[in-house]
Amino acid sequence: MDFAFSSQDDAFRAEARAWLAAHADGTQDRRTWERVLGKAGWIGLGWSQEGYGNRTATLTQQVAWAEEYARSPAPPRSGHIGENLLAPTLLAHGTEEQKARFLPPIAAGDELWCQGYSEPGAGSDLAGVRTAAVREPDGTHYRITGQKIWTSLAHEADWCFVLARTEPGSRRHHGLTFLLVPMDQPGRIEVRPIRQLTGTSEFNEVYFDGARARAEHVVGAEGDGWRVAMGLLGFERGVSTLAQQVGFAQELGRVVRTAVATGAVHDPVIRERLVRQWAELRVMRWNALRTLGGSADAGASSVAKLLWAGWHQRLGELAMRVRGAAAAVGPVEWSAAAPYELDASQHLFLFSRADTIYGGSDQIQRTIIAERVLGLPREPRGRQGAV
């Protein structure tokens, strides 16, 4: 394929690189940083021409910004769920009133979002959600009861978009509704951080006990939540995949440098694995560029997820192997104040164990490809994990 950046794209990239060099030092509070990004107009580059407080950019310029951000010392984003998932969903399915209410605060970095999809009994099987939303007699609000789990950044979020069952007795993808729910509801919403293998707690359990959501904050229509939710999942791919690959390349570079420093690079098996990781990363980049403008292939996003999840997990394993026995030793002496310190390669190894599970497990992605692309018989719906 022929993919090239124009002179306008190069100028945009240079502007982004210069701005990040002047403002990003990696020490900023993440919520404050979102407002810095918003004030400078760097949030919402992929939205429509309608504005909502953000500058516009072409698709290739969005790639340039995402790649430069990944190369910079800027902190991880707290606002990406609102910017990259909810905002495109509102642009596609929301009312004009919903767009006017929610898009400007996202563009300004003032309101942060989390995603209320997975549940203890419905992780990859999203159609099995049991969280219920009952409309109040006056019709103005819904009351939500249930539990969500693995909710990224819920402890920081101001709002949550929740997939809930509004039709009693409905099953699978029928009777679901997509609701926008404020998180500041003491006694009605409880957030419990989940401590991970890495010692950090980006994921959370969220308990809804009569939490309220306005009826006008239903996206789509009551009972139309499955269509909206599936549309949102399609926005998880695209430009962000290319930015992710910049981070992957940086991690691979560190593993290669470690292999050279330890002498592990002289092992022909390790050398072959390093070359294979490099080659597969290049394949992933060209595949992402191929599908960047949108693909009619129903399995494109599943193929991409299978490619990067397995690749990243293998990189974590390789990061440990090139260090040898030293990989089992922490970077600092143990103390009661710091009982669980990890270096970058150890964090990579442990965190990447989840890559083939979250965002749709490998088994689910293969089922999607088998049924929707290859036309194989559908999996019996009584089995756990079916989609």
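Residues numbered from 1 in each chain as written. Predicted model: local features only at pLDDT ≥ 70, side-chain atom pairs only at ≥ 80, totals over all residues. Heavy atoms only, no water.

Enquirer: Explanation requested: the overall build of the protein chain in the structure shown.
Expert: Scanning the protein chain from terminus to terminus reveals eleven helices and eight strands. Here the C-alpha atoms of the protein chain give a radius of gyration of 22 Å, agreeing with the 21 Å that 2.2 N^0.38 yields for 387 residues. Principal-axis analysis of the C-alpha atoms places the extent of the protein chain at approximately 70 × 55 × 50 Å. For the protein chain, with 387 residues in total, the buried portion stands at 47%. Sequence-distant contacts, at least 24 apart, represent 71% of the contacts inside the protein chain between residues at least 6 apart. With an accessible surface of roughly 18,600 Å², the protein chain has 56% of that area assigned to carbon and sulfur atoms. (Helix = DSSP H or I, 4+ residues; strand = E, 2+ residues; numbered from the N terminus. Rg over C-alpha atoms; globule rule 2.2 N^0.38 Å. Buried < 20%, exposed > 50% of the residue type's maximum accessible area, 1.4 Å probe, protein only. Contact = heavy atoms within 4.5 Å. Areas by Shrake-Rupley, 256 points an atom, 1.4 Å probe, with all protein chains shown as cover.)

Enquirer: Help me understand the pattern of salt bridges, please; the structure alone is not making it clear to me.
Expert: Counted by the stated rule, this structure contains 24 salt bridges. Ionic pairing is found between E371 and R378, a salt bridge with its closest N-O pair at 3.6 Å. The class of E371 is buried, set by a relative accessible area of 12%. Because the salt bridges share partners, they merge into one network encompassing R13, R17, E67, E68, R71 and R285. (Salt bridge = Lys/Arg side-chain N within 4 Å of Asp/Glu carboxyl O.)

Enquirer: Looking at this model, I keep getting lost on unusual backbone geometry. Mind explaining?
Expert: Phi is mostly negative for residues that are not glycine, and the peptide bonds are mostly trans. Phi angles above zero are rare outside glycine, and W150 is one such case at about 60 degrees. Relative to the helices and strands, W150 resides in the loop between β3 (141–148) and β4 (159–165). Positive phi outside glycine occurs at L153, with the angle close to 60 degrees. Summarising the element assignment, L153 is placed in the loop between β3 and β4. For L153, a relative accessible area of 7% puts it in the buried group.

Enquirer: How do you make sense of the layout of surface pockets when you look at a structure like this?
Expert: Empty pockets left among the atoms are what a rolling probe the size of a water molecule brings to light. Looking at the second largest pocket, its volume works out to about 180 Å³. Along the walls of the second largest pocket sit E67, R71, L242, Q245, V246, A249, L252, W278, L281, R282 and R285, which together make up its complete lining. Of all the secondary structure elements, the ones that give two or more residues to the lining of the second largest pocket are α3 (59–71), α7 (239–262) and α8 (268–290). Sort the elements by how many residues they give to the lining of the second largest pocket and α7 lands first, with five residues. (1 Å grid on protein atoms, 1.4 Å probe; cavity = no way out; pocket = protein on both sides within 12 Å on 5 of 7 lines; lining within 4 Å. Points joined across faces, edges and corners; volume = space filled by probe spheres on them.)

Enquirer: Before we go on, may I ask you to explain the side chain of K148 in this structure?
Expert: Examined against the element boundaries, K148 turns out to sit in strand β3. Since its relative accessible area comes to 0%, K148 is described here as buried. Here G116 takes part through its backbone oxygen, which lies 3.4 Å from a polar atom of the side chain of K148. There is a polar contact of 3.1 Å between the side chain of K148 and the backbone oxygen of Y117. Look past the residues within four positions of K148 in its chain and what remains in contact with it is G116, Y117, S118, E119, V129, T131, V162, L163, N204, E205, V206 and F208. (Polar contact = N/O pair within 3.5 Å; in protein donor to acceptor, adjacent residues only side chain to side chain.)

Enquirer: I keep staring at the packing of helix α1 (residues 7–23) against α3 and nothing clicks. Help me out?
Expert: The axes of two packed helices give the description: the angle between them and the distance between them. Relative to each other, α1 and α3 sit at 30 degrees, their axes nearing to 9 Å. In terms of orientation, α1 lies roughly parallel with respect to α3. The chirality of how α1 crosses α3 is right-handed. Contacts between α1 and α3 pair Q8, D9, F12, R13, A16, R17, W19 and L20 from the former with T60, Q61, A64, W65, E67, E68, Y69 and R71 from the latter. (Axes fitted to C-alpha atoms, helices over the stretch in contact; angles between N-to-C directions. Parallel < 35°, antiparallel > 145°, perpendicular 65-115°, else oblique. Left-handed = near helix turned anticlockwise from the far one by under 90°.)

Enquirer: How do you make sense of empty space enclosed by the protein when you look at a structure like this?
Expert: In this structure the tally under the stated criterion is one cavity of 30 Å³ or more. Of the pockets and cavities examined, the largest cavity occupies roughly 30 Å³. Around the largest cavity sit E34, I43, R77, G79, E83, I106, G109, E111 and L112, which together line it. Considered class by class, the residues forming the lining of the largest cavity number three nonpolar, two polar and four charged. (Nonpolar A, V, L, I, M, F, W, Y, C, P; charged D, E, K, R; others polar.)

Enquirer: Looking at this model, I keep getting lost on helix α2 (residues 30–39). Mind explaining?
Expert: At 3.6 residues per turn, the α-helix brings residues three or four places apart onto the same side. When we look at burial in α2, the residues that qualify are W33, E34, L37 and G38. When α2 is viewed along its axis, its buried side chains cluster within an angular range of 140 degrees and face the same direction. If you check the start of α2, you find a side-chain oxygen 3.2 Å away from the backbone N of R31, and it comes from D29. A positive phi of about 80 degrees marks G41, the residue just after α2. (Arc of directions from axis to C-beta.)

Enquirer: Would you mind showing me how to read the environment of R372 here?
Expert: Within the fold, R372 resides in helix α11 (residues 362–373). Along the sequence, R372 and G299 sit 73 residues apart, while their C-alpha atoms lie 7.0 Å from each other.

Enquirer: I would appreciate a short explanation of the packing of helix α9 (residues 300–321) against α11 in the present structure.
Expert: The N-to-C vectors of α9 and α11 enclose an angle of 145 degrees; their axes lie 9 Å apart at closest approach. In terms of crossing hand, the pair formed by α9 and α11 is left-handed. Contacts between α9 and α11 involve S302, V303, K305, L306 and A309 from the former and D362, Q365, R366, I368 and I369 from the latter. Across the contact of α9 with α11, the residue classes tally to five nonpolar, two polar and three charged.

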